[in-house]
Amino acid sequence: MPIDATQPYDDQNIFAKILRGEIPSMRVYEDDFAIAFHDINPQAPTHILVIPRGAYVSWDDFSARAGDAEIAGFVRAVGTVARAAGLVAPGYRLLANTGLDAHQEVPHLHVHLFAGHALGPMLAR
């Protein structure tokens, strides 16, 4: 069910629980700013989620409240994950849903990396 990204952060969301180690994940990367793990319901042959360690609901929330080092660290983590997974040469798609209209389902900022085949157009025309 899509969430309202203007609501306060819910520390019981699934990604908060993954960050605390309460729910297992197939992690492929972690550092002081972010973790990355395989999506449990992949929408492409490669589907990795990258999330910041901080409690941010959306990209808007993150860009407004995170410090410069945290923002840089998260953006670098996304690039590092893409390179380490070998996605740069064939290509990949980044997607971050925010709010109800975009069907954001987990109220914690997360970036999807999709790859593994030709992904087609982003939106139906």
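Residues numbered from 1 in each chain as written. Predicted model: local features only at pLDDT ≥ 70, side-chain atom pairs only at ≥ 80, totals over all residues. Heavy atoms only, no water.

A. Fine view of the pattern of salt bridges. What the rule picks out here adds up to four salt bridges. A salt bridge links Glu30 to Arg27; the shortest N-O distance between them is 3.1 Å. Among the residues examined, Arg27 registers a relative accessible area of 30% and is labelled partly exposed. As a salt-bridge pair, Asp61 and Arg65 come within 2.5 Å of each other at their nearest N and O atoms. You can see Asp61 and its partner Arg65 sitting in helix 2 (residues 59-65), four residues apart, about one turn around the helix. Judged by its relative accessible area of 16%, Asp61 falls in the buried class. Among the charged side chains, a network of salt bridges with common partners joins Arg27, Glu30 and Arg53. (Salt bridge = Lys/Arg side-chain N within 4 Å of Asp/Glu carboxyl O. Buried < 20%, exposed > 50% of the residue type's maximum accessible area, 1.4 Å probe, protein only. Helix = DSSP H or I, 4+ residues; strand = E, 2+ residues; numbered from the N terminus.)

B. Representation of the sheet that holds strand 1 (residues 27-30). Sheet architecture is open: five strands sit in the order 1-2-3-5-4, paired in antiparallel fashion. Because the sheet does not close on itself, it has two edges, and the strands there are strand 1 and strand 4 (93-95). The mean angle between the axes of side-by-side strands here comes to 20°, regardless of whether they run parallel or antiparallel. As defined by bridge partners, strand 2 (residues 34-38) adjoins strand 3 (residues 46-52) across five bridges and the pair is classed as antiparallel. Its bridge partner being in strand 3, Ala36 is matched across the sheet by Val50. Contacting strand 1, strand 2, strand 3, strand 4 and strand 5 (111-115), helix 3 (residues 68-84) runs over the sheet at an angle of about 160° to strand 3. (Pairing = 2+ DSSP bridges. Axes fitted to C-alpha atoms, helices over the stretch in contact; angles between N-to-C directions. Contact = heavy atoms within 4.5 Å.)

C. Fine view of the environment of Pro2. Within the secondary structure layout, Pro2 lies in the segment before helix 1 (14-19). Owing to a relative accessible area of 28%, Pro2 belongs among the partly exposed residues under this scheme. Aside from chain neighbours lying at most four places away, what touches Pro2 is Leu100, His103 and Gln104.

D. Expanded view of the environment of Tyr9. Note that Tyr9 resides in the segment before helix 1. Residue classification places Tyr9 among the partly exposed positions, given a relative accessible area of 24%. Remark: the alpha-carbon pair of Tyr9 and Tyr56, spanning 47 residues in sequence, is separated by 6.5 Å. A polar contact is formed between the side chain of Tyr9 and the side chain of Asn13, at a distance of 3.2 Å. A distance of 2.6 Å separates a polar atom in the side chain of Tyr9 from a polar atom in the side chain of His108. (Polar contact = N/O pair within 3.5 Å; in protein donor to acceptor, adjacent residues only side chain to side chain.)

E. Focus on the side chain of His47. On the secondary structure map, His47 appears in strand 3. The class of His47 is buried, set by a relative accessible area of 3%. At 3.0 Å, the side chain of His47 and the backbone nitrogen of Gln43 are in polar contact. For His47, the side chain forms a polar contact with the side chain of His112, separated by 2.7 Å. Residues within four places of His47 in sequence aside, it is in contact with Phe37, His38, Asp39, Asn41, Pro42, His112, Leu113 and Phe114.

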